[in-house]
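Per-entry structural report
Residues per chain, in single letters:
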Amino acid sequence: MAFIGRCALWVQQGVGAFFEYDTPKIVHIRSKKIGILSRSVQACVIAYVVGYVMVYRKGYQEVDKVVSAVTAKVKGNALTNFTNDELENVRPEWRYLYRRVWDVTDFVVPPIENNAFFVMTNVVITPNQTRGECPEVGVWNCTENINCPPGDTNFKGHGTLTGKCNLTTRTCEVHAWCPVENDLTPLKDRGVLEESKHFTVLIKNQIYFPKFDKQRSNILVSQNESYLSSCSNSEDHPFCPVFTLGYIVEAAGQNYSE
């Protein structure tokens, strides 16, 4: 019976505690010193949380290091079919070398670079060079062998003097890669590959946030292969990742022909 009585008491106490409600007791202390101290502590806490943690340290944000990769793919081809008058600076037997179709393997040299890409806009072709002895071009003019001291060099030259004067070209002969390159550009007023300004480059930028496991790209989901093959970045297509080389140079404030 005693056990049953204790159980009933526990139940009664538990039910009573469940339906009870306690209120804190507030004591008002009328003291300017204590009031100023209390408000000063509150102001310091608010200033720390809002000013330092939230504003200065941006505690409401989470920060992660970005893993990024940028790739550039150049596309284009050009047909050059210059006349003999345009190729006045080129030997007649070499002019056919400038009448051809050029593609990416020809004008992107080297094919892969770190953080850059190089597009050739002009070229001087000197075919079938071999090590040997041949007359200089543009330097070391001579009329007799004495004008060509053996072993001498010139910073503008292509090799080492042999000591012989070529009376046909009126220049000294050199040990070099022959025939030596003529520094005159094939065309007088423009580059051989000036049409490369119409070539395009696709710039693809991917960033990854490991902490949040999120990946983003400058190519939008809505930009399918058909769109990318026909669009070109402009005011009408500001999100197109395909740029013409001429547009890039113009945006940099430069003249592509120069």
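No experiment lies behind these values; they were computed from the predicted model shown. Per chain, residues are indexed from 1 in the order of the written sequence. Whole-chain, interface and lining totals are the exception, using all residues; otherwise, since this is a predicted model, local features are given only for residues with pLDDT of at least 70 and side-chain atom pairs are given and counted only at 80 or more. By convention in this description, side-chain values take in all heavy atoms of the structure and omit both hydrogens and water.

**Some points on the state of the cysteines**
In this description, the term disulfide denotes a pair of cysteine sulfurs within 2.5 Å. The final tally for this structure, using the stated rule, is four disulfides. Linked covalently through their sulfurs, Cys142 and Cys165 form a disulfide whose S-S length is 2.0 Å. The chirality of the disulfide connecting Cys142 with Cys165 is right-handed, given an S-S dihedral of about 90°. Of this pair, Cys142 sits in the loop between strand E4 (130-135) and strand E5 (160-166) while Cys165 sits in strand E5, and the two are 23 residues apart along the sequence. Of the residues examined, Cys142 reaches a relative accessible area of 5% and is grouped as buried. Burial classification: accessible surface area is computed with a 1.4 Å probe over protein chains only, and a residue below 20% of its type maximum counts as buried, one above 50% as exposed, and the rest as partly exposed. With a relative accessible area of 10%, Cys165 lands in the buried category. Shown here is the disulfide that connects Cys148 with Cys172, its sulfur atoms set 1.9 Å apart. Helix and strand definitions follow DSSP, with helices as H or I runs of at least four residues and strands as E runs of at least two, each counted in order from the N terminus.

**Topic: the layout of surface pockets**
Reported here for the largest pocket is a volume of approximately 350 Å³. Only protein atoms enter the 1 Å grid used here, on which a cavity is any set of points holding a 1.4 Å probe that cannot leave and a pocket is any open set flanked by protein within 12 Å on both sides along at least five of seven lines; residues with an atom within 4 Å of a point are listed as lining. If you go around the largest pocket, you meet 17 residues; those closest to its centre are Thr71, Ala72, Glu113, Ala116 and Phe117. Here the lining of the largest pocket takes five residues from strand E1 (residues 67-75), the largest share from any one element. Any residue outside Ala, Val, Leu, Ile, Met, Phe, Trp, Tyr, Cys, Pro, Asp, Glu, Lys and Arg is labelled polar, Gly included; the first ten of those are nonpolar and the last four are charged. Residue composition of the lining of the largest pocket, grouped by class: 12 nonpolar, three polar and two charged. Grid points are joined across faces, edges and corners, and a volume is the space filled by probe spheres set on the points. Of the pockets and cavities examined, the second largest pocket occupies roughly 300 Å³.

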